[in-house]
Amino acid sequence: VGANALQEFGDNEFVRSVIPTIYYQYKYKRIDFYLGAFPRYPYLKEYPRLLLNDTLDYYRPNIEGMLLNYKGNKFYGSLWIDWTGKQSQNTRETFLVGLDARLNLGKFFISHYGYMYHKAFSDNPVNEYLEDNGISLLKIGVGLKDVGFLDSLTLSAGSSVSFERMRSLTGMNIPKGFVADIDVSYRQFFLQNSFYKGEGHRLILGDSFYTSKTYNRLDLGWKPLATKNLEGKLKFSFHFVDGTMDNQQSFVLRYKIAGSKRIGK
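Residues numbered from 1 in each chain as written. Predicted model: local features only at pLDDT ≥ 70, side-chain atom pairs only at ≥ 80, totals over all residues. Heavy atoms only, no water.

1. As for the side chain of T21
Residue placement: T21 occurs in strand β2 (residues 17-28). Separated by 3.0 Å, the side chains of T21 and N62 make a polar contact. In this view, T21 contacts V1, G2, A3, N4, A37, F38, P39 and N62; residues no more than four positions away in its chain are not counted. (Helix = DSSP H or I, 4+ residues; strand = E, 2+ residues; numbered from the N terminus. Polar contact = N/O pair within 3.5 Å; in protein donor to acceptor, adjacent residues only side chain to side chain. Contact = heavy atoms within 4.5 Å.)

2. Considerations on the nonpolar core
Ranked by internal contacts, the top residues of the largest apolar core, which has 25 residues, are Y47, L50, L51, L52, L67, Y115 and L205. When residues of this core are traced back to their parent elements, those giving at least two are β3 (31-39), β4 (62-71), β7 (108-119) and β8 (131-147). No other element matches the 3 residues that β7 contributes to this core. (Core = buried A, V, L, I, M, F, W, Y, C linked by side-chain atoms within 4.5 Å. Buried < 20%, exposed > 50% of the residue type's maximum accessible area, 1.4 Å probe, protein only.)

3. Some thoughts on the pairing of strand β12 (residues 214-226)
If a strand is regular, its side chains alternate between the two faces of the sheet. Where strand β11 (residues 189-198) meets β12, 9 bridges bridge the pair, whose relative direction is antiparallel. The residue of β12 that forms the bridge with F190 is G221. Here β12 runs beside strand β13 (residues 230-241); their pairing, made up of 10 bridges, is antiparallel. Looking across to β13, one finds that L225 is bridged to G232. The hairpin formed by β12 and β13 contains 3 residues between the paired strands. (Pairing = 2+ DSSP bridges.)

4. Some points on the environment of N62
Tracing the chain through its elements places N62 in strand β4. Residues N62 and F38 lie 24 residues apart in sequence; the distance between their C-alpha atoms is 5.1 Å. Not counting the four nearest positions on each side in its chain, N62 is found in contact with I19, P20, T21, A37, F38, P39, R40 and D82. At 3.1 Å, the side chain of N62 and the backbone oxygen of P20 are in polar contact.

5. Let's talk about the pattern of salt bridges
Under the definition given, this model contains 13 salt bridges. A salt bridge links D132 to R167; its shortest N-O distance comes to 2.9 Å. With D132 in strand β8 and R167 in the loop between β9 (150-166) and β10 (176-186), the pair connects residues that are 35 residues apart, well separated along the chain. A residue is classified by how much of its surface remains accessible, and R167, at 33% relative accessible area, is partly exposed. Because the salt bridges share partners, they merge into one network encompassing R40, R60, E64 and D82. (Salt bridge = Lys/Arg side-chain N within 4 Å of Asp/Glu carboxyl O.)

6. Here's the deal with the packing of aromatic side chains
Applying the stated criterion to the full structure yields 12 aromatic pairs. Ring plane angle 35° and centroid distance 6.4 Å describe the contact between Y70 and F75, whose orientation is recorded as tilted. Of the residues examined, F75 reaches a relative accessible area of 37% and is grouped as partly exposed. Measuring from ring centre to ring centre gives 4.9 Å for F209 and Y215, while their planes differ by 0°; the resulting arrangement is stacked. Residue class for Y215 comes out buried when judged on its relative accessible area of 1%. An aromatic cluster is present here, built from Y23, Y34, F38 and Y43 joined pairwise through their rings. Between R102 and the ring centre of F109, over which it is positioned, the NZ or CZ distance is 3.9 Å. (Phe/Tyr/Trp six-rings, centres within 6.5 Å; stacked < 30°, edge-to-face > 60°. Lys NZ or Arg CZ within 6 Å of the ring centre and 35° of its normal.)

Read these as spatial facts, not as claims about activity.
Okay, here's the thing in structure tokens:
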């Protein structure tokens with residue numbers, strides 16, 4: 001049981017948003033099961049921004065539903081459902097169903113990320129249409145350690161296919177594209193580059209940069225703090241899209257409250 005409080009700099013109202021965190025967790029060998037309102041980190045932290053934009057970590061930090069995770073020596077994956085809207089007079093019923101998996105074959109790997117987003121009616125369905133929105137991203141890659149002076153080097157590439165439609169109003173639209181990623185680390189420094197080329201995806205919860213046909217994001221970062229429970233990360237991000245360049249900066253400080261205590265005997 002806990003809570004997630006959000007205070008944005010410059011906001012005159014103190015802690016505008018407080019989200020309760022209440023869940024049940026069951027662990028048995030390689031299986032991990034969650035039920036309730038539980039943090040999306042770390043289980044969905046590997047989802048590409050094409051599927052889930054990074055602002056969800058702040059404005060919707062919890063999954064409200066269930067998650068089943070399996071982690072083996074070579075294979076791991078998750079199946080989850082997240083209810084994002086309860087039907088009412090002013091709110092439409094919405095939910096996400098996601099599936100991700102990764103198979104490690106020595107230095108090589110195959111990964112998949114996907115979900116289906118369903119937007120149904122409110123209690124007052126005037127000018128409302130059922131909406132279906134989803135995506136599947138399949139990649140192959142290689143992860144290397146101690147490459148020259150680098151501590152690690154990861155290369156991956158693959159294809160994305162999404163679907164979008166408003167029932168009884170539009171037909172099924174199926175955008176496709178190519179993705180390529182590189183991740184490099186050296187001591188406390190890292191470089192990440194994500195490239196996309198193809199048709200624009202219009203995912204309701206995805207990063208809006210991917211509505212463009214060509215997009216490249218370059219992240220340069222530094223981790224000044226990296227202990228067992230404390231992590232600090234400074235990152236400079238550069239966006240190259242539609243012939244222009246934009247940028248942003250972020251600093252994340254995360255402390256992990258580790259350990260557990262038994263109740264009773």
